[in-house]
Amino acid sequence: MLERFFPDEYVDSAYGIPFEELYRKGYRGIIFDVDNTLVPHGAPADARSIGLFESLRAMGFSTCILSNNKEPRVAPFAGQVKSPYIFKGGKPSVKGYERAMEVMGTGRENTLFIGDQLFTDVWGARRTGLYSILTKPMDPHEEIQIVFKRYLEAVVLRAYKKQRQKPDV
């Protein structure tokens, strides 16, 4: 039952993902969450996030920011990293992910999602049929409703890690 929330990969940071390898595997579009995935909650784009998006474009990736936040939060960040964006994305609804693929001109088979929350980011990506990469949150100081979700996420992550340790049969 908990498997529906399991990411395809779980990494420390979006900045340590081997994007060249993903490109060689045929991925061409990347949908990103912003807060606590690319920068701490509410922070503007920094040199590292701007550099990441520049390098992704140079590799040939299309990107789109998909956030449940309002436009005044998402638009400035997206402008700084020069990426299209969708605000009030309604994650985990499939609609926002589909709109992001439409914007990028990609499909389920060549798009992946990167975010820091299981019950919105990863679950929505899985429901859409996308490869999902969960990152550890960048900043432990979060809004209270997210703190409560993190306790539930810990249960799911324990099950995920336990399953990953089982040898394939």
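Structure shown above.
So, here is what we can say about the structure in this document. (Residues numbered from 1 in each chain as written. Predicted model: local features only at pLDDT ≥ 70, side-chain atom pairs only at ≥ 80, totals over all residues. Heavy atoms only, no water.)

The next subject is the packing of aromatic side chains. Counted according to the given criterion, the structure contains eight aromatic pairs. With a centroid separation of 5.6 Å and an interplanar angle of 45°, the aromatic rings of tyrosine 27 and tyrosine 131 are classed as tilted. In this pair, tyrosine 27 is assigned in the loop between α1 (19–24) and β2 (29–32) and tyrosine 131 in strand β6 (residues 131–135), connecting sequence segments 104 residues apart. For tyrosine 131, a relative accessible area of 22% corresponds to the partly exposed category. Between phenylalanine 32 and phenylalanine 53, the ring centres sit 5.0 Å apart and the planes meet at 45°, which makes this aromatic pair tilted. Here phenylalanine 32, found in strand β2, pairs with phenylalanine 53, found in helix α2 (residues 47–59); they are 21 residues apart in sequence, far enough to count as distant. Of the two residues examined, phenylalanine 32 and phenylalanine 53, each falls in the buried class. What links up through ring pairs into an aromatic cluster is the set Phe5, Phe119 and Trp123. In this structure, arginine 28 packs its charged tip against the face of tyrosine 23, placed 3.5 Å from the ring centre. Cation over ring: arginine 48 sits above tyrosine 15, and NZ or CZ is 3.9 Å from the ring centre. (Phe/Tyr/Trp six-rings, centres within 6.5 Å; stacked < 30°, edge-to-face > 60°. Helix = DSSP H or I, 4+ residues; strand = E, 2+ residues; numbered from the N terminus. Buried < 20%, exposed > 50% of the residue type's maximum accessible area, 1.4 Å probe, protein only. Lys NZ or Arg CZ within 6 Å of the ring centre and 35° of its normal.)

Taking burial as the measure, the five residues of strand β3 (residues 62–66) include four buried ones, the bulk of the element. Pairing of β2 with β3, which is carried by four bridges, proceeds in the parallel orientation. Across the sheet, isoleucine 31 pairs through a bridge with cysteine 64, a residue of β3. One crossover worth recording links β2 to the parallel β3 by way of α2, and it is right-handed. Direction of pairing for β3 relative to strand β4 (residues 85–86): parallel, over a ladder of two bridges. Paired with isoleucine 65 across the two strands is tyrosine 85, which belongs to β4. With respect to chirality, the unit in which β3 leads through helix α3 (residues 71–81) into the neighbouring parallel β4 is right-handed. (Pairing = 2+ DSSP bridges. Right-handed = clockwise from strand over helix to strand, strands pointing away.)

Because each turn of an α-helix spans 3.6 residues, side chains separated by three or four positions in sequence point in the same direction. Among the residues of α3, Arg73, Val74, Phe77, Ala78 and Val81 are the ones counted as buried. On an axial view of α3, the arc spanned by its buried residues comes to 105°, and they lie on one face. The positive-phi residue at the C-terminal boundary of α3 is lysine 82, with phi of around 60°. (Arc of directions from axis to C-beta.)

Counted by the stated rule, this structure contains six salt bridges. One salt bridge in this structure joins aspartate 33 and lysine 91, with 2.9 Å as the shortest N-O distance. Highlighted residues: aspartate 33 in the loop between β2 and α2 and lysine 91 in the loop between β4 and α4 (94–104), separated in sequence by 58 residues. Pair check on accessibility: aspartate 33 and lysine 91 agree, each one buried. For aspartate 35, the salt bridge is made with arginine 73, and the minimal N-O distance between the two is 2.6 Å. Of this pair, aspartate 35 sits in the loop between β2 and α2 while arginine 73 sits in helix α3, and the two are 38 residues apart along the sequence. Residue arginine 73 is classed as buried on the basis of its relative accessible area of 16%. A cluster of three or more residues bridged by salt bridges with shared partners is formed by Asp33, Lys91 and Asp121. (Salt bridge = Lys/Arg side-chain N within 4 Å of Asp/Glu carboxyl O.)

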